Each structure stands twice: as structure tokens, then as C-alpha cells.
Amino acid sequence: MHAMGSHARIFYSSKMLFRLFFLLEIIAVAKVHSQLPSTQGFISIDCGGSTNYTDTTTFIPYVTDDPFTDDGVNSQVASYYNSIFSPQLTTLRSFPNATRSCYALKPVIKFSKYLLRGTFRYGNYDGQNRANTVNPLQFDLYFDANFWRTVSITDPISYSWYEVLAVAMTDSVSVCLVNTGSGTPFISVLEFRPLPDVMYPAVNKTQFLITNIRRNVGPPPLIIPALFVSAVTEITTAEHSGLCSGTRYPDDPYDRLWEPWMDSDAFTVITTAESIQSSTNDYFQPPSIVMRNAATPSDNSSTIMEFSWDHSSFGLSGDSVHVNFFFTEFTPNTTRTLNIYLNDAIWYSNYTPPYLRAGNIYNTGPNVPNEEYHWAINSSGLSNLPPILNAEEVFTAMQFNPLVTNTDDADAINAIKELYRVKRSWIGDPCVPQQYPWDGVNCSYGTNPARIISINLSSSALSGSISSSFAMFAAIEFLDLSYNNLTGPIPDALGALPSLQILYELLIIKSYD
């Protein structure tokens, strides 16, 4: 018998090694997830996708869009556009059969702030080579009753994202795509992100912000295959486009997209490895990784930074522009003092960036409307240090559409939708936007709220008894339930609506002239 000493060898089979490595990988992944910011309240929809999954780059869980819409056709981008993109950008849902097609995002917390983002990648999914600069594929985007912007797709491979910051006016948020005659609407990704109430004070119950620019100033655009990044976009309002690496969740716990931007001819990059602090009471809370980069003039003797953008590049009719600039000081025991000019007029004077903390300057009201916004940041004369800039955001403020449908009417028609399982993209407000009411529904707009005055559900495969909810429409003038499989008596309550006449033969209920 031999005793096992300190030099004994332990042999592992290949199966044992595989199990060991697999266990270590599970532990490592679990550790990463435990350290990630919370995604509570996130709604992340892979439009047109067939399965739920967790993105391997961002660790954000994505779900299919079936629970959120009852319209549209699932498709995949052309195979030759498929291999280098993250999963969300290889599928989409198109809406060829309706003028207005909607998603209902819920649950959300009423009167809470949120970020809403839609992403669109054509990818020649229909084989029609439809998107080009001469004849772009265009359709309109709404959230709730509010016009968001016109989606314009000019390139089959790149993608564009559109974002809005708003307050939820109910316990759900609808997103609608409207066919305006310039191509079939579609969507690739739809993302909802809750925001703390303290953030973005310009967002309130009467006003929302549409994102035009969000720049991580300093790092140059990194043109790399999208296989290695999750945030890939065609930037339509900045000076570059293509496939770019951006910053998002988990580096930004609110999953804002920070696009890299740098004018390498005029500016040079300065960086720090230190963490940049941002208070939870801060209005904007830019992520530390963004604030660790800054741009400064390439010429050490220069005391000015200049850059500009055109209002027309935003693609919006509104001219109420809000700007946030972000600064932090990397050098200890120094005082850097800046003046900021807009179109040669002083915009802010004698600003000193805080040391290793996120500082910001923002306008509490909209800037004076201009076709071009030319900015200059220079040393104020109180310091010999050159100007710097870490990041910027630019928004257009828009007013909420105050028009809504009468609550009783909205509750009644939603009850009818649920009872009969109506498949007509009946999502969102039934009467608003005014030019796009629900299919088969007409409304009167002489007062606010709007009233439903006509419902046509002819040949809609309705079955069962006639719901008493039809008697809840106090202003209704016309109701067509013909050519369905409805049985039983007509509710007496319908007879109490004085403007209606019931024609039993075809089960058409119509008002007197």
C-alpha cells in the first residue's frame, strides 16, 4: 500500500473538465448580471422576432411583439444583410394592410417620465430594393395622440433610431405607424425605458422632447462590423454616418444612446481613467464612461472651440430647441473658466467645470429659433486653460395634443374589442389623431373630449349576444353590426338612445336624418 504524498496527481476526464468550465462560466455570468443596473420597467421588443432572449452584449432581455400588437406581418431582412448585425436588427414587422397600425406598451406608471425609442432597418426584407436617396421609404410615427416624426429610410443596410422623452398620461403608451403613401410602414425594435422624475425638467405633462443629437464628444466614430457592438446606427443629424460604436446600457443605466463624435481636424482628445461622479439628484446624470472623454482645441495656443448644426437636419417643424452641454475637469487644483456663445451672442459666461464630477449647462427655456446654430466655447479670460467639452444633447420641445376621446366611449369600445376579439389594430386612442381614427370608427370633434358617433363592424366575424357596451355611446348616430353571427335579443338599453333607429332585418342601427 502506498500513501499519497504532496506530489500526488489528480487526473480529470474531458467530461469533468467540460463540466468544470461550464460551471465557472455560469458563475461568471451570474456575477456579471448581479452587478448590472436594474432593468425594472424596461420594455424591450424585438419586432418580428420569434423567441424571447437576452442580448449577449447588453444583457437586456428582449421579447417578441405578439403581446403588444394584433396587426402586421413578421419578416426577416435579406440574408446578405443578416450576418453582421445583432438579433434585433435582423427581424422586423411590417404593416401592409392598414393605414394606422399600433403597439400598446404596458404596464407603465401613470404620470411617470420615460424614454421611448423606435429603431428601423429595412434590410430589403421585401426584395423590392425600396429604400434609396432618390425615392426614400417614408411613413409617420406617433406616440399616443402625438406626432413624433416622419421616418425616412434611404439605405437598406444601415438603421435609424428615433427617440422621445415624455410623461405617461395613462397606464399604457401607444406607438403607431401611419402609411402616408410613400411605402409600407415597418419597425425593427421598440424600447421603453423609465426615467426618474428629477431628470429632464423640460419634460412635463404638457411638453415632450424629441431627441435630435446625443453626442459623446471626444472619441472618434469607430467604424467596425456590427457583429461586435449592439448599438449600431446611421446618424442622421451628425457629421458622420455608417456603422458606429456607441455607449448605452449597461454603461448608461437609462439606456440612452450616446453617439461618438469628434472633429479630428480641429480638436484633440483628452481622457482620464478616473470615475466621474454624478448625483442621483442631477437633472441629466450622464454616464461616467462618457464623461471620461473630452475634446479640446488641437492647437494648444487656441482658446476657442467652434461647431454648428443646421435646424433642417433635425427633420422637425418645431423650432423650440433645448441644449444640454456637459463638462468635467480632469486636472486637479486648476480653475478652467469658459464662455459659451450662440451665433455670436453670449449664451453663458464664466462657467467652471467641476473636478471629476459631471457638470452641465442647459437652457431652461427654448433657444431663439435659428436656421443655423453656431456655437463657440472659449476661455473667459479668467483662466489660461483651453476650453473643453465632454458631451451634448439637443432636443426639440413639442406640446402634447390635448385632444382625447371621451372616457366612457373609450372604455366601451375597448370592452367591445376584448369581448369580440376585434382584429382591426384597435390600439391607442379611438378618435385621435383626428385624421387617423380607428378603422370603422368616426368621431365628432366639436368638443374636447371627442365623441364616437359611428361604428361600422359589418362583416367582422362577431359572434354571441349583442353586448350592452354598445349602449354606452351616448352620442352615437350610426351602428352597423350586419353580416355577423350575433344571436339573441337586442339590448333594451339601445332603445334608450334617442338618436338611434333599429332596423332588425340587417341589424343596422342608424340615426334619423
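Note: the structure precedes this text.
Residues numbered from 1 in each chain as written. Predicted model: local features only at pLDDT ≥ 70, side-chain atom pairs only at ≥ 80, totals over all residues. Heavy atoms only, no water.

Caption draft 1: Expanded view of the overall build of the chain. Of regular secondary structure, the chain possesses 4 helices and 31 strands. A total of 513 residues make up the chain; the buried ones form 52% of that total. Residue pairs at least 24 apart in sequence account for 73% of intrachain contacts in the chain once pairs closer than 6 positions are excluded. When the accessible area of the chain is evaluated, it comes to approximately 23,800 Å², of which 52% is carbon and sulfur surface. (Helix = DSSP H or I, 4+ residues; strand = E, 2+ residues; numbered from the N terminus. Buried < 20%, exposed > 50% of the residue type's maximum accessible area, 1.4 Å probe, protein only. Contact = heavy atoms within 4.5 Å. Areas by Shrake-Rupley, 256 points an atom, 1.4 Å probe, with all protein chains shown as cover.)

Caption draft 2: Layout of the sheet that holds strand S6 (residues 100-105). Spatial ordering of the open sheet is given by S6-S11-S8-S9, a layout of 4 strands whose pairing is antiparallel. Edge positions in the sheet fall to S6 and strand S9 (146-153), since each of these pairs with one other strand and no more. In this sheet, neighbouring strand axes are inclined to one another by 20° on average, regardless of whether the strands run parallel or antiparallel. Summarising the sheet, S6 and strand S11 (residues 173-182) pair through 6 bridges and their orientation is antiparallel. Paired with alanine 104 across the two strands is serine 174, which belongs to S11. (Pairing = 2+ DSSP bridges. Axes fitted to C-alpha atoms, helices over the stretch in contact; angles between N-to-C directions.)

Caption draft 3: View of unusual backbone geometry. Cis rather than trans, the peptide bond between valine 432 and proline 433 has omega equal to 5°. With respect to the secondary-structure elements, proline 433 resides in the loop between helix H3 (407-420) and strand S25 (441-444). For the bond running from asparagine 448 to proline 449, omega is 15°, close enough to zero to count as cis. Within the element layout of this structure, proline 449 appears in the loop between S25 and strand S26 (451-456). Positioned with a positive phi, alanine 461 is a non-glycine residue whose angle comes to about 60°.

Caption draft 4: Spotlight on the pattern of salt bridges. Evaluation of the coordinates by the stated rule reveals 15 salt bridges. Glutamate 163 is the partner of arginine 214 in a salt bridge, and the nearest nitrogen-oxygen pair spans 2.6 Å. A residue pair is termed long-range when its members are at least 10 positions apart, and arginine 214 in strand S14 (residues 207-217) and glutamate 163 in strand S10 (residues 160-167) qualify at 51 residues. In this structure, arginine 214 and glutamate 163 share a single accessibility class: buried. Of the charged contacts, one joins arginine 214 and glutamate 393 as a salt bridge, the two residues approaching to 2.7 Å between their closest N and O atoms. Of this pair, arginine 214 sits in strand S14 while glutamate 393 sits in strand S24 (residues 391-399), placing them 179 residues apart in sequence. Pair check on accessibility: arginine 214 and glutamate 393 agree, each one buried. Residues joined by salt bridges that share partners form a network here, namely Arg117, Glu163, Glu191, Arg193, Arg214, Arg248, Asp255 and Glu393. (Salt bridge = Lys/Arg side-chain N within 4 Å of Asp/Glu carboxyl O.)

Caption draft 5: Structural detail: the nonpolar core. By size, the foremost hydrophobic cluster in this structure holds 41 residues, and its most contacted members are Tyr103, Leu105, Leu116 and Phe120. In terms of residues, this core owes the most to one element, strand S8 (residues 137-143), which gives 4 residues. Ala145, Tyr420, Trp438 and Leu457 belong to the second-largest nonpolar core, a separate cluster that totals 30 residues. (Core = buried A, V, L, I, M, F, W, Y, C linked by side-chain atoms within 4.5 Å.)

Caption draft 6: Representation of the state of the cysteines within the structure. Summed over the entire model, instances satisfying the criterion amount to 2 disulfides. One disulfide in the model links cysteine 102 with cysteine 176; its S-S distance is 2.1 Å. Here cysteine 102 and cysteine 176 share a disulfide; its torsion about the S-S bond, 105°, makes the bridge right-handed. Of this pair, cysteine 102 sits in strand S6 while cysteine 176 sits in strand S11, and the two are 74 residues apart along the sequence. According to the relative accessible area criterion, cysteine 102 is buried, its value standing at 0%. What pairs with cysteine 431 in a disulfide is cysteine 443, and their sulfur atoms sit 2.0 Å apart. (Disulfide = S-S within 2.5 Å.)

Caption draft 7: Region of the structure containing the packing of aromatic side chains. One pass over the structure, following the stated rule, counts 38 aromatic pairs. Centroid distance tyrosine 125 to phenylalanine 186: 6.0 Å. Interplanar angle 50°. Geometry classified as tilted. Of this pair, tyrosine 125 sits in the loop between strand S7 (113-120) and S8 while phenylalanine 186 sits in strand S12 (residues 186-187), and the two are 61 residues apart along the sequence. This pair shows no difference in class: tyrosine 125 is buried, exactly as phenylalanine 186 is. A centroid spacing of 6.5 Å and a plane angle of 45° characterise the contact between tryptophan 309 and phenylalanine 314, whose relative ring orientation is tilted. (Phe/Tyr/Trp six-rings, centres within 6.5 Å; stacked < 30°, edge-to-face > 60°.)

Caption draft 8: Seen up close, the side chain of aspartate 409. On the secondary structure map, aspartate 409 appears in helix H3. Residues in contact with aspartate 409, not counting those within four places in the same chain, are Ala450, Arg451, Ile452, Met472, Phe473 and Ala474.

Caption draft 9: A look at the sheet that holds strand S5 (residues 91-94). Across the sheet, 3 strands lie side by side as S4-S5-S12; this open sheet has antiparallel pairing. Across the chains shown, the open sheet's two edge strands, defined by having one partner strand only, are strand S4 (73-76) and S12. Note: S4 against S5, 4 bridges, orientation antiparallel. Of the residues in S5, the one forming a bridge with serine 75 is leucine 92.

Caption draft 10: Here's a closer look at the pairing of S9. Relative to S9, S8 runs antiparallel, the two being bridged by 7 bridges. Within S9, the position partnered with aspartate 140 by the bridge is threonine 150. Remark: 2 residues form the turn of the hairpin made by S8 and S9, two consecutive strands paired antiparallel; aspartate 144 in that turn has positive phi of roughly 50°.

Caption draft 11: Inspection of the environment of tyrosine 103 at higher detail. Topologically, tyrosine 103 is positioned in strand S6. The sequence separation of tyrosine 103 and proline 67 amounts to 36 residues, and the corresponding C-alpha distance is 9.0 Å. A polar contact is formed between the side chain of tyrosine 103 and the side chain of aspartate 65, at a distance of 2.9 Å. (Polar contact = N/O pair within 3.5 Å; in protein donor to acceptor, adjacent residues only side chain to side chain.)

Caption draft 12: Highlighting the environment of aspartate 252. Within the secondary structure, aspartate 252 is located in the loop between S14 and strand S15 (259-261). Of the residues examined, aspartate 252 reaches a relative accessible area of 0% and is grouped as buried. Taking the C-alpha atoms as reference points, aspartate 252 and glutamine 285, separated by 33 residues in sequence, lie 8.9 Å from one another. At 2.8 Å, the side chain of aspartate 252 forms a polar contact with the side chain of arginine 256. Within polar-contact distance, the side chain of aspartate 252 engages the side chain of tryptophan 258 at 2.7 Å.

Nothing here speaks to function; it is all geometry.
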